Amino acid sequence: QVQLVESGGGLVQAGGSLRLSCVASGRGFSMNTMAMGWYRQAPGKQRELVAVISSGGNKNYADSVKGRFTVHRHNANTVFLQMDSLKPEDTAVYYCLVRIGVYNYWGQGTQVTVSS
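Reading guide: rules and limits
- Residues numbered from 1 in each chain as written.
- Predicted model: local features only at pLDDT ≥ 70, side-chain atom pairs only at ≥ 80, totals over all residues.
- Heavy atoms only, no water.
- Phe/Tyr/Trp six-rings, centres within 6.5 Å; stacked < 30°, edge-to-face > 60°.
- Helix = DSSP H or I, 4+ residues; strand = E, 2+ residues; numbered from the N terminus.
- Lys NZ or Arg CZ within 6 Å of the ring centre and 35° of its normal.

Draft legend 1. Local environment of the packing of aromatic side chains. Counted under the stated rule, the structure contains 1 aromatic pair. Centroid distance Y39 to W106: 5.3 Å. Interplanar angle 85 degrees. Geometry classified as edge-to-face. In this pair, Y39 is assigned in strand β4 (residues 35–41) and W106 in strand β10 (residues 103–106), connecting sequence segments 67 residues apart. One cation-aromatic arrangement involves R47 over Y95; the distance from NZ or CZ to the ring centre is 3.7 Å. Here the guanidinium or amino end of R47 rests over the ring plane of W106, the centre of that ring lying 4.6 Å away.

So this is what it looks like as structure tokens:
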């Protein structure tokens, strides 16, 4: 079982920055084999990919955040999402994801609100 603890959400004006963090813990698996990343869900919309980084360091970003957001891993069990040049349309609940094989584990979500 995997436990995820997220932090870093909040309210920011358009053009501002926020950094989200997520720390994974648990037993029975190797953190070095995990993919980690972030999804988000805005009101009335489906959950969507923001950015994911594989255990090998390969990164995948949504087109809407390329050039503004950066995902990186501090070590095997911690992932960050640096969000710059935030826009009102980035407002959503952001969820940390850990993927081990075919299994996905989700954090509790952290609210990001960008005011215009």
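Draft legend 2. Quick peek at unusual backbone geometry. Its identity as a non-glycine residue notwithstanding, S85 has a phi of 50 degrees, on the positive side. Tracing the backbone through its elements, the reader meets S85 in the loop between β8 (78–83) and β9 (92–100).

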